[in-house]
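# Commentary on secondary and tertiary structure
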Amino acid sequence: MYRHILIPTDGSELSGKAIQHGIALAKSVGAKVTGITVTVPFHVFATDPDTLTDTPASYRTRVAAAAAKYLEKIKNVAAAAGITCDAIPVEHEHPYQAIIDTAKDNGCDLIVMASHGRRGLSALVLGSETVKVLTHSTIPVLVCR
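Residues numbered from 1 in each chain as written. Predicted model: local features only at pLDDT ≥ 70, side-chain atom pairs only at ≥ 80, totals over all residues. Heavy atoms only, no water.

In this structure, Ser-58 sits in helix H2 (residues 56-81). Overall, the relative accessible area of 29% leaves Ser-58 in the partly exposed class. Separated by 16 residues in the primary sequence, Ser-58 and Phe-42 have C-alpha atoms spaced 9.8 Å apart. (Helix = DSSP H or I, 4+ residues; strand = E, 2+ residues; numbered from the N terminus. Buried < 20%, exposed > 50% of the residue type's maximum accessible area, 1.4 Å probe, protein only.)

With that out of the way, let us pick up the pattern of salt bridges. In this structure the tally under the stated criterion is three salt bridges. Among the salt bridges present, the one from Lys-75 reaches Glu-72, with a minimum N-O distance of 3.6 Å. Linking Lys-75 with Glu-72, this pair stays in helix H2, spanning three residues, or about one helical turn. Overall, the relative accessible area of 36% leaves Glu-72 in the partly exposed class. For the salt bridge of Glu-129 with Lys-132, the shortest nitrogen-to-oxygen distance reads 3.8 Å. Here Glu-129 and its partner Lys-132 are both found in helix H5 (residues 129-136), three residues apart, which amounts to about one turn of the helix. When its relative accessible area of 12% is taken as the criterion, Glu-129 is described as buried. (Salt bridge = Lys/Arg side-chain N within 4 Å of Asp/Glu carboxyl O.)

With that out of the way, let us pick up the confidence of the model for the protein chain. Mean pLDDT over the protein chain works out to 89, with 86% of the residues at or above the 70 mark. Taken element by element, the protein chain is modelled with least confidence in helix H4 (residues 120-126), mean pLDDT 49, and with most confidence in strand S1 (residues 4-8), mean pLDDT 98. (pLDDT = per-residue confidence, 0-100.)

Membership of the largest hydrophobic core comes to 21 residues, with the highest contact counts inside it found for Ile-5, Ile-7, Ile-23, Val-33, Ile-83 and Val-112. Within the residue set of this core, elements represented by two or more residues are S1, helix H1 (13-29), H2 and strand S4 (110-114). For Val-112, the residues in contact, after removing those within four places along its chain, are Ile-5, Leu-6, Ile-7, Pro-8, Ala-18, His-21, Gly-22, Leu-25, Leu-142 and Cys-144. If you look at the next biggest cluster of nonpolar residues, it comprises 13 residues, including Val-38, Ala-98, Ala-103 and Cys-108. (Core = buried A, V, L, I, M, F, W, Y, C linked by side-chain atoms within 4.5 Å. Contact = heavy atoms within 4.5 Å.)

Moving on, we get to the sheet that holds S1. The five strands are arranged S3-S2-S1-S4-S5 in an open sheet whose pairing can be described as parallel. Strands at the two margins of the open sheet, each flanked by one partner only, are strand S3 (85-91) and strand S5 (141-144). For this sheet, the mean angle separating the axes of adjacent strands, direction not counted, is 20°. Pairing between S1 and S4: two bridges, direction parallel. Within the sheet, the bridge partner assigned to Ile-5 lies in S4 and is Leu-110. (Pairing = 2+ DSSP bridges. Axes fitted to C-alpha atoms, helices over the stretch in contact; angles between N-to-C directions.)

This part takes up helix H3 (residues 95-105). The set of residues buried in H3 consists of Pro-95, Tyr-96, Ala-98, Ile-99, Ile-100, Thr-102 and Ala-103. Residues of H3 that are buried in the fold lie against S1, strand S2 (32-39), S3, S4 and H5.

With that settled, the discussion passes to the pairing of S1. Residues in a regular strand point their side chains to alternate faces of the sheet. Burial within S1 is extensive, with five of its five residues counted as buried. Here S1 shows no split at all, with His-4, Leu-6 and Pro-8 on one side and Ile-5 and Ile-7 on the other all buried. In terms of strand pairing, S1 meets S2 through five bridges, oriented parallel. Note on S2: the bridge partner recorded for Pro-8 is Ile-36. On the question of chirality, the crossover connecting S1 to the parallel S2 by way of H1 is right-handed. (Right-handed = clockwise from strand over helix to strand, strands pointing away.)

Encoded structure:
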C-alpha cells in the first residue's frame with residue numbers, strides 16, 4: 001500500500017496527533033517515515049509576536065531550536081515504534097509548497113498531517129497550510145483532526 005509517508009509538524013498538539021497516527025499507519029503497512037517542519041524566512045514585517053522583537057540572527061536561532069525540537073519528537077515516536085524515520089528542517093516562503101516538494105523529492109506516496117496548526121491572526125493571514133496542500137498535492141493526503 002504505502003511505502004514512504006511524509007509527516008509535517010509545526011509543534012502543535014494537533015500535529016502531535018498526526019505524528020502518532022502517521023507512525024502507527026507506517027508500522028501497520030511497513031512504510032518508512034520522513035518528518036518535516038517548515039520555517040518561513042525572516043521578515044521585517046511579521047504577524048508572529050515573537051518575530052516582532054527578533055533580529056535575523058536571533059530569529060534563525062529561535063526557529064532552528066524549535067525545528068530541532070519538533071523533529072526530535074517525530075524521531076522519538078518513530079524509534080519507539082521501530083520505524084525508520086528521516087527528519088528534514090526546511091526554510092521556505094510557502095510551507096505548503098515545501099511540504100509538497102519534499103514529498104515529491106523523497107518519493108513519498110502519502111502525506112499525513114494535522115487539519116490545522118496556527119491559530120489567531122497568523123492563521124487568518126496565512127490561511128490553512130493543510131488546505132493548500134490538499135489543493136495542490138498530486139499524492140494522497142490523510143488529514144488528522
